[in-house]
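A structural walkthrough
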Amino acid sequence: MKLLVTGGAGYVGSVCTAHLLAAGHDVTVLDDLSTGHRDAVPTAAAFVEGDVATAADDVLNGQGFDGVLHFAARSLVGESVVDPAKYWHGNVVTSVALLDAVRAHRVPRLVFSSTAATYGEPEISPITEDSPTRPTNPYGATKLAIDHAITSYAAASGGELGAVSLRYFNVAGAHRPTDGPMLGERHTTETHLIPLVLQVALGEREHVSMFGDDWPTPDGTCLRDYIHVDDLAAAHLLALDAAGADGGHLVCNLGNGTGFSVREVVEACRRVTGHPIPAIVAPRRAGDPAVLVASAERARTRLGWAPERGDLDGIVADAWAFAQAMRVGAGA
Ligand SMILES: NC(=O)c1ccc[n+]([C@@H]2O[C@H](COP(=O)([O-])OP(=O)(O)OC[C@H]3O[C@@H](n4cnc5c(N)ncnc54)[C@H](O)[C@@H]3O)[C@@H](O)[C@H]2O)c1
Ligand SMILES: O=c1ccn([C@@H]2O[C@H](COP(=O)(O)OP(=O)(O)O[C@H]3O[C@H](CO)[C@@H](O)[C@H](O)[C@H]3O)[C@@H](O)[C@H]2O)c(=O)[nH]1
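Residues numbered from 1 in each chain as written. Chains lettered and ligands numbered in written order. Predicted model: local features only at pLDDT ≥ 70, side-chain atom pairs only at ≥ 80, totals over all residues. Heavy atoms only, no water.

Defined as follows: UniProt positions are given in the numbering used here, feature names are shortened, and annotations may be inferred rather than shown by experiment.
In the nomenclature of an unreviewed UniProt entry, the protein chain is known as UDP-glucose 4-epimerase of Actinomycetospora endophytica. The heading Pathway (unreviewed entry) in the UniProt record of the protein chain holds the text "Carbohydrate metabolism; galactose metabolism." As its UniProt record puts it under Subunit (unreviewed entry), the protein chain is described as follows: "Homodimer."

In structure tokens, the structure reads:
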């Protein structure tokens, strides 16, 4: 298929681009490099530097694209609380402009990066797609708004547009291609647990802070469902097929269905790196739910997806290999 990948210079988008290319698809990446990296775009992909809000229409015009995978977004929870305009414009306004371009140029498939943050504090665990959606921060609210917009555009298309929203839980790990450099998480402003813990092992920070040890969980630290980025990419390939099948809008969670605590993640990082990784207990982080674990039953039944890389040490080992490769690449 001829595919447009927005945000393909970012963490998840670059790994998915590598998988799409390996599966034989023809990929164009559209990215404004606001948080992404030009050298993360696999060389076999075409690259257009630009803002999705203003450039997507031109890129799609008359080119016969078979599908769009929309990863481009602002995605820092804390930043969304202090600067909501950046999120309502950068995520919602941008995505509506993309939907208009998809409709105008009759692109038949859309796969969207949604998030577990659309659910907010869950009432039951694991979280199914029928759980209440009550986001606790603007980031989650903007992603939920985009999901609603996609539902209405798909419904109004008379079957011309089929869409799948994939609600990722905690994406982690890195991609080891058979050729080319590793692809992984390389955020200038890093807030995610695993890369932060690994920065301690690299000697880039003295300790990791565990945000709260008095949560209602077995060891008092938060539980999250960590999913390997390669498993996530595999789901995108399946979602492309599903989006083309019968129009409409399908929403699927992507996670392993197992929660690991912050303490367990730190211990896994100690095992994998051999570094003692000092950890201190810090106050709770505002907006954090105690437990976020996915039921991915719908992705299994509707997409035929089965994650294969759920082992926490394996996920951390790939993230560690990537972190070390980046350090060597930077001349450290
Ligand atoms: N990483 C996770 O754990 C996680 C979890 C749930 C959902 N998601 C979603 O997955 C997607 C990818 O996340 P990521 O971690 O790879 O983030 P990322 O910041 O690494 O990648 C986002 C990419 O989009 C680009 N971009 C942003 N706004 C743009 C715009 N208006 N026009 C063109 N390019 C633009 C950035 O330059 C970057 O390359 C996001 O939509 C995010 O909300 C991520
Ligand atoms: O220095 C740190 C960083 C994080 N944490 C904790 O580690 C867990 C995971 O945090 P983080 O890696 O920041 O991910 P989340 O806040 O769970 O959010 C991610 O996972 C969500 C789905 O579960 C997605 O919606 C979001 O987009 C994505 O950023 C949380 O309990 C944090 O409180 C710490 O204790 N110390």
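1. A word on the sheet that holds strand β14 (residues 291-292)
Counted only if it meets this: Here, any two strands with at least 2 DSSP bridges between them count as paired. The secondary structure listing takes helices from DSSP runs of H or I that are at least 4 residues long and strands from runs of E that are at least 2 residues long, numbered from the N terminus.
Taken in spatial order, the three strands of this open sheet run β12-β9-β14, and their pairing is mixed. The open sheet is flanked by β12 (260-261) and β14, the only strands paired with a single partner. Judged from the two bridges that link them, strand β9 (residues 223-224) and β14 form a sheet pairing that is parallel. From the neighbouring strand, Leu223 faces β14, where its bridge partner is Val291.

2. Examining unusual backbone geometry
To keep it simple, the criterion reads: Categorising residues by exposure relies on relative accessible area from a 1.4 Å probe, with only protein chains included: less than 20% of the type maximum marks a residue as buried, more than 50% marks it as exposed, and the intermediate range marks it as partly exposed.
Residue Pro126 follows Ser125 across a cis peptide bond; omega there is 0 degrees. The phi torsion at Leu33 lies on the positive side, around 60 degrees, for a residue other than glycine. Checked against the element boundaries, Leu33 lands in the loop between β2 (26-31) and β3 (46-49). Under the relative-accessibility criterion, Leu33 is labelled partly exposed at 24%.

3. Here's the deal with the packing of aromatic side chains
Cut-off, in case you're wondering: Aromatic pairing here means that ring centres of Phe, Tyr or Trp (its six-membered ring) are within 6.5 Å. Orientation follows from the plane angle: under 30 degrees is stacked, over 60 is edge-to-face, and everything else is tilted. Distance and angle both matter: a charge sits over a ring if NZ of Lys or CZ of Arg is within 6 Å of the ring centre and within 35 degrees of the ring normal.
According to the stated counting rule, one finds zero aromatic pairs in the structure shown. Over the ring of Phe65 we find Lys2, and its NZ or CZ is 4.6 Å from the ring centre. The side chain of Arg284 reaches across the aromatic face of Trp215, ending 3.8 Å from its centre.

4. Observations regarding the environment of Gly173
Here is the rule we go by: Note on definitions: a residue-residue contact is assigned when non-hydrogen atoms from the two residues lie within 4.5 Å.
Among the secondary structure elements, Gly173 is positioned in the loop between β7 (170-172) and α6 (193-201). For the pair Gly173 and Pro135, spaced 38 residues apart in sequence, the C-alpha to C-alpha distance is 26 Å. For Gly173, the residues in contact, after removing those within four places along its chain, are Tyr11, His228, Val229, Ile315, Asp318 and Ala319.

5. Quick notes on the environment of His175
Going by this rule: Here a polar contact is taken to be a pair of N or O atoms separated by no more than 3.5 Å, where protein atoms must pair a possible hydrogen donor with a possible acceptor and residues adjacent in sequence count only if both atoms sit in side chains.
Within the secondary structure layout, His175 lies in the loop between β7 and α6. For the pair His175 and Tyr226, spaced 51 residues apart in the sequence, the C-alpha separation amounts to 15 Å. In terms of polar contacts, His175 uses its side chain to reach the side chain of Asp230, at 2.8 Å.

6. So, the site of ligand 1
Test applied: Working definition: residue near molecule or strand if any one of its non-hydrogen atoms lies within 4 Å of it. Here the accessible surface of atoms and residues is derived via Shrake-Rupley with a 1.4 Å probe, and residues count as covered only by protein chains that are part of the display. When residues are sorted by character, Ala, Val, Leu, Ile, Met, Phe, Trp, Tyr, Cys and Pro go into the nonpolar class, Asp, Glu, Lys and Arg into the charged class, and all the rest, Gly among them, into the polar class.
As a matter of local geometry, ligand 1 sits amid 30 residues, with Asp31, Thr35, Phe71, Tyr139 and Lys143 nearest to it. Contacts to ligand 1 include Val52, whose backbone N or O atom sits 2.9 Å from a nitrogen atom. For ligand 1, whose free accessible area comes to 830 Å², the fraction covered by protein is 96%. Tallying contributions element by element places strand β5 (residues 109-115) first for the shell around ligand 1, with three residues. A class-by-class count of the residues in the shell around ligand 1 yields twelve nonpolar, 13 polar and five charged.

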